[in-house]
Amino acid sequence: MTAEKILIIKLGALGDFIYALGPMQAIRSYHPLAQVTLLTRPTFDALARSSQLLDEIWLDDEPKFWDLPNLLRLRRRLRSGGFSRVYDLQTSDRTGLYYRLFAPGRRPEWSGIVPGCSHYHHYSRPTLIHTIDRQAEQLRIAGIKTVPISDLSFMDGDIKRFDLPNRFALLIPGSSARMAVKRWPAASYATLAIWLIERGVTPVILGSEEDRDAIQVILKHCPRAISLAGNTTIFDIPALGRAAWGSAGNDTGPMHMVALSGCPTVAIFSTLSFPDKAAPRGDKVRVLVRENLSDLSVERVEEALLASRSTDETIC
């Protein structure tokens, strides 16, 4: 008997991909005997393979809409896959085009937002619905009643190589360089780092080259802080979260992984980041929202960090 063939489409970005792991786990459970293929970007190949949820991974080079030769090549691949159902977890204009590439002839069942597809999920776009809630409703329409929160236990980097102290807290002071409005002032992170030192907790800073200026401000004012910027892999971040005393950071992808690891987390959001839609989810998450992040006091973050260690409240 030929196994049922299922295609999941999830292209990115990092935070969205991380939150799609829960739906992928639900799809895998709902189709236990199926051959499940993921279509994703090359960026997420290693992460997808490590999840062990997929039987096959196809990498999408995302041809331009006017690139007819590569679109036809993708069309041939999609049509030759023999898929009985497609779960479009990207739900973008691009993946709507992919639905149309199956024509002419019989299309597979399709879970997504394309009008006329077999399992149509309608919502107004753009939406302020959180990715977790939106995808749970999408899968409910497709018959999948239970969607777990993403399990990142497979992301278990070797953090012993960092030789960190027993009590440390993660600070993530960066975000997209093009969206400085999403950043709580570096001087405020420096003050928070000093407060952590006074409590016997070592601040450990995560970030990239884009965040160098903010990190230098923290290190200048709190020399006992440790910077791991540029030295961590994507698999290290949840492992660090599981070991950390707590964490605080801006609207950026690594914060979602830290929060999902179970780490007591304070997420700092500008109203321009649409926290209802994009704030981290997890068992011990506090989200602090201000129109202007410079108006958020260090004392308020300290209070929320302590509270996150003892409650499961998510918004304050």
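This text follows the structure it describes.
Because the structure is a prediction, the values reported are computed rather than measured. (Residues numbered from 1 in each chain as written. Predicted model: local features only at pLDDT ≥ 70, side-chain atom pairs only at ≥ 80, totals over all residues. Heavy atoms only, no water.)

### Comments concerning the overall build of the protein chain
Helices and strands together make up the secondary structure of the protein chain, namely 11 helices and 12 strands. Expected size for 316 residues packed as a compact globule is a radius of gyration near 20 Å; at 21 Å, the protein chain falls within 12% of this value. For the protein chain, the spread of C-alpha atoms along the principal axes amounts to about 65 × 40 × 40 Å. Taking as baseline every contact in the protein chain between residues at least 6 positions apart, the subset at least 24 positions apart corresponds to 64%. In the structure as shown, the protein chain presents an accessible area of about 14600 Å², 50% of it carried by carbon and sulfur atoms. Counting 38 positive and 34 negative side-chain charges, the protein chain places the centres of these two groups 5 Å from one another. (Helix = DSSP H or I, 4+ residues; strand = E, 2+ residues; numbered from the N terminus. Rg over C-alpha atoms; globule rule 2.2 N^0.38 Å. Contact = heavy atoms within 4.5 Å. Areas by Shrake-Rupley, 256 points an atom, 1.4 Å probe, with all protein chains shown as cover. Lys, Arg positive; Asp, Glu negative; His and termini not counted. Charge placed at Lys NZ, Arg CZ, Asp CG, Glu CD.)

### Thoughts on the packing of helix α1 (residues 14-30) against helix α9 (residues 253-260)
Remark: α1 packs on α9, axes separated minimally by 7 Å, with the N-to-C direction vectors making an angle of 25°. In terms of axis orientation, α1 runs roughly parallel to α9. Between α1 and α9 the crossing geometry is right-handed. Packed against α1, whose contacting residues are L14, G15, I18 and Y19, the element α9 presents G253, H256, M257 and L260 at the interface. Its residues assigned to classes, the contact of α1 with α9 shows 5 nonpolar, 3 polar and no charged. (Axes fitted to C-alpha atoms, helices over the stretch in contact; angles between N-to-C directions. Parallel < 35°, antiparallel > 145°, perpendicular 65-115°, else oblique. Left-handed = near helix turned anticlockwise from the far one by under 90°. Nonpolar A, V, L, I, M, F, W, Y, C, P; charged D, E, K, R; others polar.)

### Side note on the side chain of T202
Position of T202 relative to the elements: it lies in strand β8 (residues 202-205). With near-sequence residues (within four places) excluded, T202 lies in contact with P165, R167, F168, A169, I197, R224 and I226.

### What to know about the nonpolar core
By size, the foremost hydrophobic cluster in this structure holds 51 residues, and its most contacted members are I8, M24 and L240. Counting residues per element, this core draws most heavily on α1, at 8 residues. In contact with L240, not counting residues within four places along its chain, are I159, F162, L164, F168, L170, L206, L228 and T232. W184, L196, I218 and L288 belong to the second-largest nonpolar core, a separate cluster that totals 26 residues. (Core = buried A, V, L, I, M, F, W, Y, C linked by side-chain atoms within 4.5 Å. Buried < 20%, exposed > 50% of the residue type's maximum accessible area, 1.4 Å probe, protein only.)

### Some remarks on the layout of surface pockets
Empty space within the largest pocket amounts to approximately 990 Å³. Looking at the largest pocket, it is lined by 42 residues, and the ones nearest its centre are A13, L14, G15, D16 and G253. For the lining of the largest pocket, the secondary-structure elements that each account for two or more residues are α1, α5 (131-141), α9 and α10 (275-278). (1 Å grid on protein atoms, 1.4 Å probe; cavity = no way out; pocket = protein on both sides within 12 Å on 5 of 7 lines; lining within 4 Å. Points joined across faces, edges and corners; volume = space filled by probe spheres on them.)

### Considerations on helix α6 (residues 186-198)
With 13 residues, α6 should reach 18 Å at 1.5 Å per residue; the first-to-last C-alpha distance of 19 Å fits that figure. The complete set of buried residues in α6 reads A186, S188, Y189, A190, L192, A193, W195, L196 and I197. Its buried side turned inward, α6 meets β7 (168-172), β8, α7 (212-221), β10 (246-249), β11 (265-270) and α11 (298-308). At the exit of α6 stands G200, carrying a positive phi of roughly 80°. (Expected span 1.5 Å × (residues − 1).)

### Points about the packing of aromatic side chains
In the structure shown here, the tally under the stated rule is 5 aromatic pairs. Note on F17 and F44: the rings are 4.7 Å apart at their centroids and 5° apart in plane angle, and the pair reads as stacked. Residue F17 is located in helix α1, and its partner F44 is located in the loop between β2 (35-40) and α2 (45-51); the two are separated by 27 residues in the primary sequence. Comparing F17 with F44 shows no difference in burial state: the two are buried. On the basis of an interplanar angle of 70° and a centroid distance of 5.1 Å, the ring pair of Y99 and W110 is categorised as edge-to-face. A residue pair is termed long-range when its members are at least 10 positions apart, and Y99 in helix α4 (residues 93-101) and W110 in strand β5 (residues 109-112) qualify at 11 residues. (Phe/Tyr/Trp six-rings, centres within 6.5 Å; stacked < 30°, edge-to-face > 60°.)

### Describing the environment of C263
Topologically, C263 is positioned in the loop between α9 and β11. Distance from C263 to K220, taken between C-alpha atoms, is 27 Å for residues 43 residues apart in sequence. Dropping the residues within four chain positions of it, C263 is found in contact with G241, A244, G246, S247, V258 and K284.

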